[in-house]
Amino acid sequence: GDFTANPWMLSGDGNWSITDSAQYEGANSATIAFSDIEAGTGISQLSIDIITEQGGVLKFQVLPSVSGPFDVSNVRIDDIIIATYSTPLEDWLAQEVSIQPGKRRVTFEFLKNPGEVPDDIISGLPNTPGREGQLWLDGIEFVATAPPS
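Residues numbered from 1 in each chain as written. Predicted model: local features only at pLDDT ≥ 70, side-chain atom pairs only at ≥ 80, totals over all residues. Heavy atoms only, no water.

(A) Structural detail: the pattern of salt bridges. Inspection of every chain in the model, using the stated rule, returns 5 salt bridges. With its nearest N and O atoms 2.7 Å apart, the salt bridge here joins Arg-131 to Asp-71. Within this pair, whereas Arg-131 is found in the loop between helix H1 (119-122) and strand E10 (134-144), its partner Asp-71 is found in strand E6 (residues 71-77), the two being separated by 60 residues in sequence. Overall, the relative accessible area of 13% leaves Arg-131 in the buried class. (Salt bridge = Lys/Arg side-chain N within 4 Å of Asp/Glu carboxyl O. Helix = DSSP H or I, 4+ residues; strand = E, 2+ residues; numbered from the N terminus. Buried < 20%, exposed > 50% of the residue type's maximum accessible area, 1.4 Å probe, protein only.)

Printed below as a string of structure tokens:
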């Protein structure tokens with residue numbers, strides 16, 4: 001996808017990046033990994049404000065390779081969690097989220113060790129099969145509801 005077309009906001013303890021290692025469409029996707037957050041626990045957020053008079057649907061593709069207690073990922077609208085990913089998937093997952101009229105902040109977040117399990121314990125836990133500790137996003141598109149005729 002083309003992530004330069006919109007004013008994305010980054011916040012938290014690690015930076016999202018653009019990669020060509022996995023993509024749903026086009027040459028790139030946005031990604032964040034467990035290793036991008038240096039501390040034993042932390043959060044990284046990728047946000048965009050959507051301003052819409054009629055509301056609409058936000059469509060996106062997500063490829064989670066996460067698993068609790070190591071890492072989870074959420075999608076928030078105005079700080080309300082509307083989707084959580086906590087198990088690794090092999091294929092991209094198509095998602096559609098209703099966006100109400102007005103100004104809405106959509107945030108994709110990655111949480112490293114959200115339960116704050118001590119390092120010596122979490123490092124001794126067996127990894128979940130298929131988990132890479134990473135999340136990819138692609139094909140993000142907002143489709144506005146047509147105004148009434």
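Now, onward.
(B) Highlighting the nonpolar core. Trp-16, Phe-60, Val-106, Phe-108 and Leu-137 are the most contacted members of the largest nonpolar core, which totals 23 residues. Those elements that provide at least two residues to this core are strand E3 (29-33), strand E4 (42-52), strand E5 (56-65), E6, strand E7 (80-85), strand E8 (93-99), strand E9 (102-112) and E10. In this structure Phe-60 touches Val-75, Tyr-85, Leu-93, Ala-94, Gln-95, Val-97, Phe-108, Leu-137, Asp-138, Gly-139 and Ile-140, once residues within four positions along its chain are discounted. (Core = buried A, V, L, I, M, F, W, Y, C linked by side-chain atoms within 4.5 Å. Contact = heavy atoms within 4.5 Å.)

(C) Region of interest: the packing of aromatic side chains. Applying the stated rule across the entire model yields 2 aromatic pairs. Between Phe-60 and Phe-108, the ring centres sit 5.1 Å apart and the planes meet at 80 degrees, which makes this aromatic pair edge-to-face. Placement of Phe-60 in strand E5 and of Phe-108 in strand E9 is noted, with a sequence separation of 48 residues between them. Across the pair, Phe-108 and Phe-60 agree in class, each one buried. (Phe/Tyr/Trp six-rings, centres within 6.5 Å; stacked < 30°, edge-to-face > 60°.)

(D) Expanded view of the environment of Phe-142. Examined against the element boundaries, Phe-142 turns out to sit in strand E10. For the pair Phe-142 and Phe-60, spaced 82 residues apart in the sequence, the C-alpha separation amounts to 8.7 Å. If near-sequence neighbours (up to four positions away) are discounted, Phe-142 is found in contact with Ile-50, Thr-52, Gly-55, Gly-56, Val-57, Leu-58 and Ile-99.

(E) Quick look at unusual backbone geometry. Cis geometry marks the peptide bond from Gly-68 to Pro-69; its omega dihedral reads 5 degrees. In this fold, Pro-69 is placed in the loop between E5 and E6. Of note in the backbone geometry, Asp-79 takes a positive phi value of approximately 70 degrees without being a glycine. Locating Asp-79 in the fold gives a position in the loop between E6 and E7. For Asp-79, a relative accessible area of 63% corresponds to the exposed category. Phi is positive for Asn-113, close to 45 degrees, though the residue is something other than glycine.

Geometric values such as these leave the question of function open.
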